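The residues making up each chain are set out below.
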Amino acid sequence: MSIDFDSFERILVDRRDDGIALFTLNRPKRMNVTDARMHAELAVLFRLIDEDETIRVAVITGAGKAFSAGGDLAEIDTDGSDYAGTIRMMRETIQILTGMVECRKPIVSAINGAAAGAGLAVGLLADISVIAEDAVIADGHTRIGLAAGDHAALLWPLLTSMAKAKLYLLTCRKLDGREAERIGLVSLAVPRERVLEEALAVAAELARRSPLALELTKRSLNHWIRDGMAAFEASLAYEVVTTFGPEAREALGAILAAMKQR
């Protein structure tokens, strides 16, 4: 059965040959930052991919020059009064991660430019990640007074090492695609102009494989991630707690004030 993605406003859907579907995060003028609408669409996207029998492999990329530069700071409530909105975002974050882990179909990310926050989570949680060599990525949580939540405490130590995870998550240092590949954070780093081409080539290779063999191999490998779900849920809870702290409010307030002056 083919699933209707027409209700999506922030994610473009392009069904290609051989069961490959390309999903594009589509806010290019804002570097594809994840506003509430995009976040909600990502929360259901991977379940819909899983249910759509016409899709064998999913590829996800960003429109324009960025993959996704994180959350939309213009929507963040700096006085900490939007409790219901915070809980909704927490639940959606869990849905995004579990949706990607439990999706039976292979997911390939084409990280064509800058990635941070929720966008970086999607890029790194993909089964195979292809990044532009000069793309800049970072987890900036601690810089703005937040605990590193969503995916980072779970995934970075698993993909790299605890030493590298602590270096980048505690300091918020940026790294480019070449370094991300060198330390094992992504699968492949290629020149920027070849990112989508390479991701689609990987998808085509996967689409020729037995769907059940891919599904069960992915399921086996993802038990490593499932084993770390306690760390993920703890880090997400800690991030929520720190959003109500004075350091985060001050930092976010300063960023939003600077944005208004531009």
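Below or above, wherever it landed, is the structure these notes cover. (Residues numbered from 1 in each chain as written. Predicted model: local features only at pLDDT ≥ 70, side-chain atom pairs only at ≥ 80, totals over all residues. Heavy atoms only, no water.)

**A short note on helix α2 (residues 83-102)**
Compared with an ideal rise of 1.5 Å per residue, which puts 20 residues at 28 Å, α2 spans 28 Å between its outermost C-alpha atoms and is within 8% of the ideal. Listed in full, the buried residues belonging to α2 are Gly85, Ile87, Glu92, Thr93, Ile96, Leu97, Gly99, Met100 and Val101. (Helix = DSSP H or I, 4+ residues; strand = E, 2+ residues; numbered from the N terminus. Expected span 1.5 Å × (residues − 1). Buried < 20%, exposed > 50% of the residue type's maximum accessible area, 1.4 Å probe, protein only.)

**Some points on the sheet that holds strand β2 (residues 20-25)**
Read across the open sheet, the six strands follow the order β1-β2-β3-β5-β7-β10; overall the sheet is mixed. On the outer flanks of this sheet lie β1 (11-15) and β10 (188-190), each paired with one strand and no other. Strand-to-strand twist of the sheet, defined as the mean angle between neighbouring strand axes without regard to direction, takes the value 20°. Of the pairings in the sheet, the one linking β2 to strand β3 (residues 57-62) comprises six bridges and is parallel in character. From the neighbouring strand, Phe23 faces β3, where its bridge partner is Ile60. (Pairing = 2+ DSSP bridges. Axes fitted to C-alpha atoms, helices over the stretch in contact; angles between N-to-C directions.)

**A look at the packing of aromatic side chains**
What characterises a pair of aromatic rings is the spacing of the ring centres plus the angle enclosed by the ring planes. Counted under the stated rule, the structure contains three aromatic pairs. Taking the centre distance of 6.2 Å and the plane angle of 50° together, the rings of Trp156 and Tyr168 count as tilted. Of this pair, Trp156 sits in helix α4 (residues 152-159) while Tyr168 is found in helix α5 (residues 162-171), placing the two residues twelve residues apart along the sequence. Overall, Trp156 belongs to the buried group, its relative accessible area being 1%. Within the aromatic cluster, the residues linked to one another by ring pairs are Phe5, Phe8 and Phe23. (Phe/Tyr/Trp six-rings, centres within 6.5 Å; stacked < 30°, edge-to-face > 60°.)

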